[in-house]
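Commentary on secondary and tertiary structure
If you want the building blocks of each chain, they are given just below.
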Amino acid sequence: MELNRVVVTGMGCLTPLGNDVPTFFDALKRGVSGAGAITRFDASKFKTQFACELKDWDVAEHFDRKEQRKLDPYAQYGIVAARQAVAHSGLAEANPDPDRVGVIFGSGIGGILTFQNEIQNFVEGDGTPRFNPFFIPKMIGDIAAGHISMAFCFHGTNYACVSACDSATNAIIDAFNAIRYGKADAMVTGGAEAAVVEAGIGGFSAMKALSTRNEEPEVASRPFDLHRDGFVLGEGAGALILESLEHAQARGANIICEVMGGGASADAHHLTAPHPEGLGARNVMRAALDDAGMSPDELDYVNVHGTSTPLGDIAEVKAIEEVFGDHATSLSISSTKSMTGHLLGAAGAIETLACIMAVTEDVIPPTINSTDPDPALNQDLDFTFNEKKERPVRAALSNTFGFGGHNASVIVRKF
């Protein structure tokens, strides 16, 4: 069976660094930190009082009051990012066969604010079980995908991926395969998350997963730094339009880059900690390379999971050294989570966008905030500390690893 080549024709995003792709890309290259004190609620009682929130977000600019009542913020973010991507691609104006266009969209948690508020209202009420009729359809993790398909009347494959921090990457890989194997002509894919709420901050704080640098939040996310103390929670969404090369060329679409392959694996080790030797990370990168039919020396950039946790950063670097061998010192490596924070189930979408920027603009976004690199890491590797790097980038790989031992990687290449 001859497989279809798959290309990217549209992009959209809402991130702590900007609410559209050009603004996001510009901030990545400038090394901007998206972290700051939480503004959405009183976080003074929490050990961690900061996050990477969206800036200049006004829901009323995108949804009327009736729509707002039906949508959790995570779905709002996903819909807006998808609208941007569809508009960027020109797909809707091309009148594609709606039965051949689908939506696969990820979220690690879904409507956590809706869940939190409804349970709180019930507990604090008079005992009468009064729940909002939109409680369930606002909360569930698939509803962003459903709303996106309804917005554009795309009747093809439609579902959500839920695999913690891998969710958006798994969604991209599934959308890629749907097109590659001829099940669809085009797909809307990506992920959304809106967990900067009391339950999200409190829950991750209880696990001791979050940084507690409350006095200097803008430098708290510091992957590979000796003094890293946990990740910084972020929020937002990223969306891509994937199409078969044949379909994109037939309609005269602007082709941004090519998706080459993806891989998935499991650590089968611990609920939240990575395998100490990076076993799952090693396996998933090899699986992605094999799926893409590429050798390690064909890659120039790895956007690492790089959450700024003591164990995770070390394990991932060990895996990179094992997979890439002598070529590892020729790679550029960076963690854009140092700027965006960790968007959980949406991370893979905006980090794939960062990889697309690298291959289309020949620029590596930096890993910011690392002032004292961990001596346990191989100092011969290029971590792109603190400043962007301009260099030819033929292909790039994005890693995402999730609670439960989930791992996913996707590769994009210059077209």
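The structure under discussion appears in the preceding block.
Now for a description of the structure that goes with this document. (Residues numbered from 1 in each chain as written. Predicted model: local features only at pLDDT ≥ 70, side-chain atom pairs only at ≥ 80, totals over all residues. Heavy atoms only, no water.)

1. So, the sheet that holds strand β14 (residues 406–413)
With mixed pairing, the 10 strands of this open sheet are ordered in space as β5-β4-β6-β7-β1-β8-β14-β13-β9-β10. With partners counted over all chains shown, the strands left at the sheet margins are β5 (158–161) and β10 (332–334), one partner each. With direction set aside, neighbouring strand axes in the sheet form an average angle of 25 degrees. As judged from the four bridges shared by strand β4 (residues 101–106) and β5, these two strands associate in the parallel manner. Bridging across to β5, I104 finds its partner in Y159. Its contacts with the sheet place helix α13 (residues 347–361) against β1 (6–14), β6 (186–193), β7 (236–244), β8 (257–266), β9 (301–303), β13 (395–402) and β14, and it is angled at close to 165 degrees to β13. (Pairing = 2+ DSSP bridges. Helix = DSSP H or I, 4+ residues; strand = E, 2+ residues; numbered from the N terminus. Axes fitted to C-alpha atoms, helices over the stretch in contact; angles between N-to-C directions. Contact = heavy atoms within 4.5 Å.)

2. Things to note about the packing of helix α3 (residues 73–89) against helix α6 (residues 143–152)
Interhelical geometry of α3 versus α6 gives an angle of 40 degrees and a closest axis separation of 9 Å. Between α3 and α6, the angle is such that the two are oblique. Relative to α6, the crossing made by α3 is right-handed. Packed against α3, whose contacting residues are Y74, A75, G78, I79, A82, R83 and V86, the element α6 presents I143, A144, H147, I148 and F152 at the interface. (Parallel < 35°, antiparallel > 145°, perpendicular 65-115°, else oblique. Left-handed = near helix turned anticlockwise from the far one by under 90°.)

3. Section: helix α1 (residues 21–30)
Of the positions making up α1, those classed as buried are V21, F24, F25, A27 and L28. Down the axis, α1 shows its buried residues gathered within 165 degrees of arc, on one side only. Turned more than 90 degrees away from the buried face of α1 sit P22 and R30, all of them exposed. In this structure, the buried residues of α1 make contact with β1, α3, α12 (337–340) and α13. Positive backbone phi, approximately 70 degrees, marks G31, located one or two places after α1. (Buried < 20%, exposed > 50% of the residue type's maximum accessible area, 1.4 Å probe, protein only. Arc of directions from axis to C-beta.)

4. Section: the nonpolar core
Formed by 47 residues in total, the largest nonpolar core has its most connected members in V8, M11, L242 and I356. Elements with a contribution of two residues or more to this core: β1, α1, α7 (167–180), β7, β8, α13, β11 (363–364) and β14. The element contributing the most residues to this core is α13, with nine residues. Once residues within four sequence positions are removed from consideration, L242 is found in contact with V6, V7, V8, I172, A175, F176, I179, D185, A186, M187, T189 and V259. Counting residues in hydrophobic clusters, the runner-up holds 30 residues, among them L54, A82, A85 and I241. (Core = buried A, V, L, I, M, F, W, Y, C linked by side-chain atoms within 4.5 Å.)

5. Here we look at a nonpolar patch on the surface
On the surface, F115, I119, F122, V123 and F131 cluster together to form a nonpolar patch covering roughly 440 Å² of accessible area. Position of I119 among the secondary structure elements: in helix α4 (residues 112–124). (Patch = residues over 30% accessible without salt bridge, like charges linked within 9 Å, V, L, I, M, F, W, Y side chains within 5 Å. Areas by Shrake-Rupley, 256 points an atom, 1.4 Å probe, with all protein chains shown as cover. Salt bridge = Lys/Arg side-chain N within 4 Å of Asp/Glu carboxyl O.)

6. Points about the packing of aromatic side chains
By the definition in use, this model includes 11 aromatic pairs. Judged by centre distance (6.2 Å) and plane angle (40 degrees), the rings of F115 and F135 are tilted. Of the two residues, F115 is situated in helix α4 and F135 in helix α5 (residues 135–139); the sequence distance between them amounts to 20 residues. When its relative accessible area of 10% is taken as the criterion, F135 is described as buried. Consider the rings of F224 and F383, whose centres lie 4.7 Å apart with planes at 45 degrees: the pair is tilted. With F224 in the loop between α8 (198–206) and β7 and F383 in the loop between β11 and β12 (389–390), this pair connects stretches of sequence that are 159 residues apart. As far as burial versus exposure is concerned, F224 and F383 are alike and both buried. Chaining the aromatic ring pairs together yields one cluster made of F115, F122, F131 and F135. (Phe/Tyr/Trp six-rings, centres within 6.5 Å; stacked < 30°, edge-to-face > 60°.)

7. Focus: unusual backbone geometry
Located in the positive-phi region is N369, a residue other than glycine, with phi close to 75 degrees. Tracing the sequence through the fold places N369 in the loop between β11 and β12. Here the phi dihedral of N386 falls at roughly 70 degrees; this positive angle occurs in a residue that is not glycine. Position of N386 relative to the elements: it lies in the loop between β11 and β12. What makes N386 partly exposed here is its relative accessible area of 38%.

8. Focus on the packing of α7 against α13
As a packed pair, α7 and α13 sit with axes 5 Å apart at the nearest point and diverge in direction by 65 degrees. Taken together, α7 and α13 sit at an angle that is classed as roughly perpendicular. For the pair α7 and α13, the contacting residues are A168, T169 and I172 in the first and G348, A349 and T352 in the second. Among the residues making up the contact of α7 with α13, the classes are represented as three nonpolar, three polar and no charged. (Nonpolar A, V, L, I, M, F, W, Y, C, P; charged D, E, K, R; others polar.)

Read these as layout, nothing more, since geometry by itself doesn't imply function.
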